[in-house]
Amino acid sequence: MAERKQLHREFSEELSSLWRIAIAPSVWAIHFVASYGLAAVWCAKWSDATLLGDVSAWRVLICGASVVALGIIGWIGWKAWRQWDFLEDWDYTHPLATEEDRHEFLGHAAFLLAVLSAVGVIATTLPALLISTCT
Amino acid sequence: MCVRRRREWNTKSGAAPHDGGMKIRTVALAGALLALAACEGGPQSALAPAGTDAAQIARIFWVMLIAAAILWIALNGLFAFVTRIHPRPISRRIAETLIIGGGIVLPLILLGTLLTWGLRAMPDQRAPGDGLTVRVGGEQWWWRVEYLPADGGPPVRSANEVRLPAGLRTDIELSAALVIHSFWIPALGGKMDMIPGRVNRMSLAPTEPGTYRGQCAEFCGLSHALMALNAVVLPADEFDAWLSAEAAEADPPDGPGADLFAREGCGGCHAIRGTEWQAQVGPDLTHVGGRTSLAAGILPMTEEALAGWIRNPDAIKPGAEMPGYDHLSPEELTTLARWLMELT
Ligand SMILES: [Cu+2]
């Protein structure tokens, strides 16, 4: 009974890590859908509207969303990097069923997913940066 | 032409069965390269650009190809090095540097650079034109074509052939009737889909006068492969002269040809401007005899081809939405064809 309690405590400690793992890819996914949806709807309805001088508004909005998304992903990535704790022991394998290994593994995974999500967000933004017109 | 060249090469390498595997591979590679080179002069080759846009695309193709080849050789060289030439354990540090550097950082930088560079070309491909707009509409399996002159004159209706002035950028507006098509003249520029219910814009800036071939590039039904068109690039002044001639009404000679056209009800589908026939179901025939090809790029514009087409379009283009007139005698068909040839 005591053993089960102990296990329960150990796993629930990692609950927040599990959430953290999902955040960066979710931000990427939301940013992706929002960018494509925004460009499609904006170009269909108000293609000529501009913001900030003569730049199309949808480009400004997408780039703004990218800055926010990259900010969130960067913050998650930094926390995950700390959790991985790589520089402390130069140890990136986590094969054991110990609290420490579980904790570092989840940090490692979250960090890699944050890097991937950042690349994804930048790739989604490139067309808005480089393709200047709706048509 | 390309296909013929490639066949010659195949027979050559096939004639020497005693060759070693290595030699056959070298010959095959040389053959492939030669076939590629042979294609370069063709009228429908993206590798023989005759316009600014196609030249840009060809440049992107070559740079990407060379970059890919370098990567391929480097990667396989590395494999050969660590498995054949120098098969020794390497330190963990070097291994990690290779994996992270060569597997993550290098591809990110390389692909990012190539992607950015490629994307930058896209706005150029639809840069605003110099005044002339050509509207092209996809039909099964032919093209409506309409010229909106730079001077704001009335639209000029034509079909199944696009003419463009060299040295100027022309706006192209693409639409479609019932199904998706794709407008592609490889020697002049990139391809763009034609979608029912919307207008897609692109522009073309041909530089070399000549006749190039385009092809519908999106499957659109039974005779999709037979939906082509010629693009004739003319020096700017010749183009202006041609467009005013194209804008003029037809002056069809009276006689048995016109009588046949009327009697057989061709005017129920086709328009000949300057006459009572104004239907828009099929291609505009006002200046059909002046086109460089018949039936959307698939037949020569000759009397025989015209007679054959009218007799049985379905035999030439399966599913074509024009009835056959095989009840007409050969003489009548020739008369009708000769009369159509005079509509220049
Ligand atoms: Cu097609």
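Values in this document were obtained by computation on a predicted structure and should not be read as measured data.

Definitions and limits used
By convention here, each chain's residues receive numbers from 1 onward along its written sequence. Chains and ligands are labelled by the order in which they are written, letters from A for the one and numbers from 1 for the other. The predicted origin of the model limits local features to residues at a pLDDT of at least 70 and limits the giving and counting of side-chain atom pairs to 80 or more, whereas totals for whole chains, interfaces and linings rest on all residues. Hydrogens and water are ignored here; the side-chain numbers use all heavy atoms of the structure. Metal donors were taken as nitrogen, oxygen and sulfur atoms no farther than 2.8 Å from the ion, or 3.2 Å where the ion is Na, K or Ca. Water is excluded, so coordination may look unfinished. Labels for metal geometry use angle windows, namely 85 to 135 degrees for all angles of a four-donor tetrahedral site, and for square planar (four donors) or octahedral (six donors) sites opposite donors over 155 degrees apart plus all others within 65 to 115; sites meeting none of these are irregular. Three exposure classes are used, based on accessible area relative to the maximum for each residue type with a 1.4 Å probe and protein chains only: buried under 20%, partly exposed in between, and exposed over 50%. UniProt positions are given in the numbering used here, feature names are shortened, and annotations may be inferred rather than shown by experiment. Think of it this way: any DSSP run of H or I at least four residues long counts as a helix, any run of E at least two long counts as a strand, and we number them from the N terminus. Whether a set of points on the 1 Å grid over the protein atoms alone is a cavity depends on a 1.4 Å probe fitting there but being unable to get out, while an open set qualifies as a pocket with protein on both sides within 12 Å along at least five of seven lines; lining residues are those with an atom within 4 Å of a point. Grid points are joined across faces, edges and corners, and a volume is the space filled by probe spheres set on the points. Each residue is assigned to one class: nonpolar for Ala, Val, Leu, Ile, Met, Phe, Trp, Tyr, Cys and Pro, charged for Asp, Glu, Lys and Arg, and polar for all the others, Gly among them. Residue ranges labeled as domains rest on an automatic or database domain assignment. Here, residues are in contact when the closest pair of their heavy atoms is within 4.5 Å. In this description, buried area is defined as the sum, over both parts, of the accessible area (probe of 1.4 Å) that is lost when the two are combined. When a carboxyl oxygen of Asp or Glu is within 4 Å of a side-chain nitrogen of Lys or Arg, the pair counts as a salt bridge. Here, nonpolar core means buried Ala, Val, Leu, Ile, Met, Phe, Trp, Tyr and Cys residues that are tied together by side-chain atoms lying within 4.5 Å of each other. The pairing criterion for strands is at least two bridges between them, as found by DSSP. Here the axes come from fitting lines to C-alpha atoms, over the contacting stretch only for helices, and the angles between their N-to-C directions go from 0 to 180 degrees. Expected helix span is computed as 1.5 Å times (number of residues minus one). Bend is the name given here to the angle between axes fitted to two runs of seven residues, the run ending at a residue and the run starting at it.

Let us look at the coordination of the copper ion. Ideal geometry at a metal centre gives angles of 109.5 degrees when four donors are arranged tetrahedrally and 90 or 180 degrees when six donors are arranged octahedrally. Residues and elements named next belong to chain B. For the copper ion, every protein donor is listed as Cys 216 (SG), Glu 218 (O), Cys 220 (SG) and His 224 (ND1), and the spread of their distances is 2.0 to 2.6 Å. Classification of the site at the copper ion rests on its 4 donor atoms, whose angles at the metal span 86 to 128°, yielding the label tetrahedral. One chain supplies every donor to the copper ion, and in sequence these donors are spaced C-x1-E-x1-C-x3-H. Since its relative accessible area comes to 30%, Glu 218 is described here as partly exposed.

A few words on the UniProt feature "transmembrane region" (unreviewed entry) in chain A. What UniProt calls "transmembrane region" (unreviewed entry) maps, in this numbering, to residues 20-44, 56-78 and 105-131 of chain A. Counting secondary structure, residues 56-78 of chain A comes out at 96% helix and 4% strand; the distance between its end C-alpha atoms is 33 Å.

A word on the layout of surface pockets. Estimates place the volume of the largest pocket at around 750 Å³. Within the residue set of the lining of the largest pocket, elements represented by two or more residues are helix H3 (57-84) and helix H5 (99-130) of chain A together with helix H4 (92-125) of chain B. Here the lining of the largest pocket is composed, by residue class, of 15 nonpolar, 2 polar and 3 charged. Put simply, the second largest pocket is a space of about 630 Å³. For the second largest pocket, the lining is made up of 36 residues, of which His 270, Gly 282, Pro 283, Trp 309 and Met 322 of chain B are closest to its centre. Breaking the lining of the second largest pocket down by element, the ones donating at least two residues are strand E1 (133-139), strand E11 (293-294), helix H7 (303-311) and helix H9 (330-341) of chain B. Take the lining of the second largest pocket: its biggest share by element is 3 residues, from H7 of chain B. A class-by-class count of the residues in the lining of the second largest pocket yields 24 nonpolar, 8 polar and 4 charged. Of the domains in this structure, domain 1 (1-88 + 126-246) and domain 2 (256-341) of chain B are the two that each give at least three residues to the lining of the second largest pocket.

Before going further, it helps to examine the interface of chain A and chain B. Interfaces are often sized by the accessible area lost when the parts come together. Counting from both sides, the interface comprises 9 residues of chain A and, opposite them, 12 residues of chain B. Carbon and sulfur atoms supply 72% of the area buried between chain A and chain B, which totals about 930 Å² over both sides. Counting every contact that joins chain A to chain B gives 0 salt bridges.

As a further point, take the nonpolar core. All names here are of chain B. Counting 38 residues, the largest nonpolar core has Val 136, Trp 143, Ile 172, Phe 183 and Leu 188 as its most contacted members. In contact with Ile 172, not counting residues within four places along its chain, are Val 134, Val 136, Leu 164, Phe 183, Asn 200, Arg 201, Met 202, Ser 203 and Leu 204. Among the nonpolar cores identified, the runner-up in size contains 26 residues, and Leu 260, Trp 277, Leu 294 and Ala 307 belong to it.

All names here are of chain B. Taken in spatial order, the 5 strands of this open sheet run E3-E2-E1-E5-E8, and their pairing is mixed. The strands lining the two open edges of the sheet, one partner per strand, are strand E3 (156-159) and strand E8 (200-204). When the angles between neighbouring strand axes are averaged without regard to direction, this sheet yields 25°. The pairing of E1 with strand E5 (residues 170-176) spans 6 bridges and is parallel.

Here we come to H5 of chain A. With 32 residues, H5 of chain A extends 47 Å from end C-alpha to end C-alpha; this agrees with the ideal 46 Å at 1.5 Å per step. Of all bends in H5 of chain A, the biggest is about 25°, found at Thr 124 of chain A, and the proline Pro 127 of chain A comes one to four residues later.

Residues and elements named next belong to chain B. According to the stated counting rule, one finds 11 salt bridges over all chains in the structure shown. Measuring nitrogen to oxygen at the nearest pair gives 3.5 Å for the salt bridge that ties Glu 146 to Arg 135. One end of the pair, Glu 146, is in strand E2 (residues 142-148); the other, Arg 135, is in strand E1, and 11 residues separate them in sequence. With a closest N to O distance of 2.6 Å, Asp 171 and Arg 201 form a salt bridge. Taken as a pair, Asp 171 in strand E5 and Arg 201 in strand E8 lie far apart in primary sequence, 30 residues in all. Relative accessible area serves as the criterion here: at 13%, Asp 171 is assigned to the buried category.

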